[in-house]
Amino acid sequence: MYTIKMVKTMYYLNCFFLYSIVGFLFEHLVYFFMNRHGDSGILYGPWTPVYGIGIIIIILTSNFIFKNLHTSKLFQTFIIFVAVIVLLTTIELIGGLLIEKIFKITFWDYSNLKFHIGKYISLEISLAWGFLSIFVIYVIKPLFDKMIAKIPSWLTFLLLILFLIDIAATLFLKTKLKDYFIKVFK
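Residues numbered from 1 in each chain as written. Predicted model: local features only at pLDDT ≥ 70, side-chain atom pairs only at ≥ 80, totals over all residues. Heavy atoms only, no water.

Caption draft 1: Fine view of the overall build of the protein chain. When you go through the protein chain residue by residue, the secondary structure sums to six helices and two strands. Helices (α) and strands (β) of the protein chain occur, in sequence order from the N terminus, as α-α-α-β-β-α-α-α. Considering only C-alpha atoms, the protein chain reaches an extent of 65 × 55 × 30 Å along its principal axes. Counting the 186 residues in the protein chain, one finds 34% classified as buried. Of all intrachain contacts in the protein chain linking residues separated by at least 6 positions in sequence, the fraction that spans at least 24 positions is 65%. Accessible area of the protein chain: about 12,200 Å², with a carbon and sulfur share of 75%. Charge-centre separation for the protein chain: the mean point of 17 positive side chains lies 8 Å from the mean point of 9 negative side chains. (Helix = DSSP H or I, 4+ residues; strand = E, 2+ residues; numbered from the N terminus. Buried < 20%, exposed > 50% of the residue type's maximum accessible area, 1.4 Å probe, protein only. Contact = heavy atoms within 4.5 Å. Areas by Shrake-Rupley, 256 points an atom, 1.4 Å probe, with all protein chains shown as cover. Lys, Arg positive; Asp, Glu negative; His and termini not counted. Charge placed at Lys NZ, Arg CZ, Asp CG, Glu CD.)

Caption draft 2: Spatial organisation of the environment of E92. Tracing the chain through its elements places E92 in helix α3 (residues 73–103). Sequence separation of E92 and Y120 is 28 residues, and the distance between their C-alpha atoms is 6.7 Å. A distance of 2.6 Å separates a polar atom in the side chain of E92 from a polar atom in the side chain of Y110. (Polar contact = N/O pair within 3.5 Å; in protein donor to acceptor, adjacent residues only side chain to side chain.)

Caption draft 3: The arrangement of the nonpolar core in detail. Counting residues in hydrophobic clusters, the biggest one holds 28 residues, and the most contacted among them are C15 and I55. Of the residues forming this core, the biggest block, seven residues, is contributed by α3. Setting aside residues no more than four positions away along its own chain, C15 makes contact with S20, I55, I56, I59 and I148. (Core = buried A, V, L, I, M, F, W, Y, C linked by side-chain atoms within 4.5 Å.)

Caption draft 4: Region of interest: the environment of I94. Relative to the assigned elements, I94 resides in helix α3. Between the C-alpha atom of I94 and that of I121, which follows or precedes it by 27 residues, the distance is 10.0 Å.

Caption draft 5: View of the layout of surface pockets. Space inside the largest pocket adds up to approximately 1,700 Å³. Lining the largest pocket we find 48 residues, and of these E27, T48, V50, Y51 and W129 sit closest to its centre. Tallied by class, residues from the lining of the largest pocket come to 35 nonpolar, nine polar and four charged. A volume near 180 Å³ is recorded for the second largest pocket. If you go around the second largest pocket, you meet 12 residues; those closest to its centre are M6, V7, M10, Y11 and N14. Here the lining of the second largest pocket takes six residues from helix α1 (residues 4–33), the largest share from any one element. For the lining of the second largest pocket, a count of residues per class yields eight nonpolar, three polar and one charged. (1 Å grid on protein atoms, 1.4 Å probe; cavity = no way out; pocket = protein on both sides within 12 Å on 5 of 7 lines; lining within 4 Å. Points joined across faces, edges and corners; volume = space filled by probe spheres on them. Nonpolar A, V, L, I, M, F, W, Y, C, P; charged D, E, K, R; others polar.)

Caption draft 6: A look at the packing of α1 against helix α4 (residues 123–148). One can describe the packing of α1 onto α4 by two numbers: an axis separation of 11 Å at closest approach and a directional angle of 115°. Taken together, the axes of α1 and α4 are roughly perpendicular relative to one another. α1 and α4 meet at a crossing whose hand is right-handed. Residues Y11, N14, C15, L18, Y19 and V22 of α1 form the contact with α4, whose own contacting residues are V136, I140, K141, F144, D145, M147 and I148. Here the contact of α1 with α4 is composed, by residue class, of 10 nonpolar, one polar and two charged. (Axes fitted to C-alpha atoms, helices over the stretch in contact; angles between N-to-C directions. Parallel < 35°, antiparallel > 145°, perpendicular 65-115°, else oblique. Left-handed = near helix turned anticlockwise from the far one by under 90°.)

Caption draft 7: Broad picture of unusual backbone geometry. Its identity is not glycine, yet K104 carries a phi of approximately 60°, on the positive side. Its location among the elements puts K104 in the loop between α3 and β1 (116–117).

Caption draft 8: View of the packing of aromatic side chains. Within this structure, the stated rule accounts for 12 aromatic pairs. Between Y19 and F144, the aromatic rings sit 5.1 Å apart at their centres with planes inclined by 50°, giving tilted as the arrangement. With Y19 in helix α1 and F144 in helix α4, this pair connects stretches of sequence that are 125 residues apart. Take Y19 and F144: they sit in the same class, and that class is buried. (Phe/Tyr/Trp six-rings, centres within 6.5 Å; stacked < 30°, edge-to-face > 60°.)

Caption draft 9: Just the environment of L143, in detail. Relative to the helices and strands, L143 resides in helix α4. The spatial distance from the C-alpha of L143 to the C-alpha of Y31 is 25 Å, given a sequence separation of 112 residues.

This is the structure:
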């Protein structure tokens, strides 16, 4: 039988995978309608982990605020809006810097936006994250939670294995690890 901790872990893993895949599809739709070619994320598989990480942050933040801030729903929503902007913008900055450091590429660049701070963050995008987060909390999450409840554990484990293989393949093929192993085993 599953413990409460196992059920929560499965829920968050399923959230991570569902929103990572939806984020991947969303970005490809945006590229399609903008008549542009682009990649959604650095991995090979059909997922963009920053969306999965983002939704976990949104869920944890909103749950914490709803549980502990005993005030009006409007004020709670405003606090979530501000907190999520700060947290997701920080994640976006860290993600951009890590991708540049590890893979030697700039995956996105907001320098063309009026209120940018460096390449990886801008006020315009941060505000969009805030508004989208509120939309996700009140509209998307209740719908997706019904789907998540129906995901069998074997599928979660399969996705986890495929995701870990994808990370290993990406690190091996897109970094200097490949060159290192070629030299070592030559």
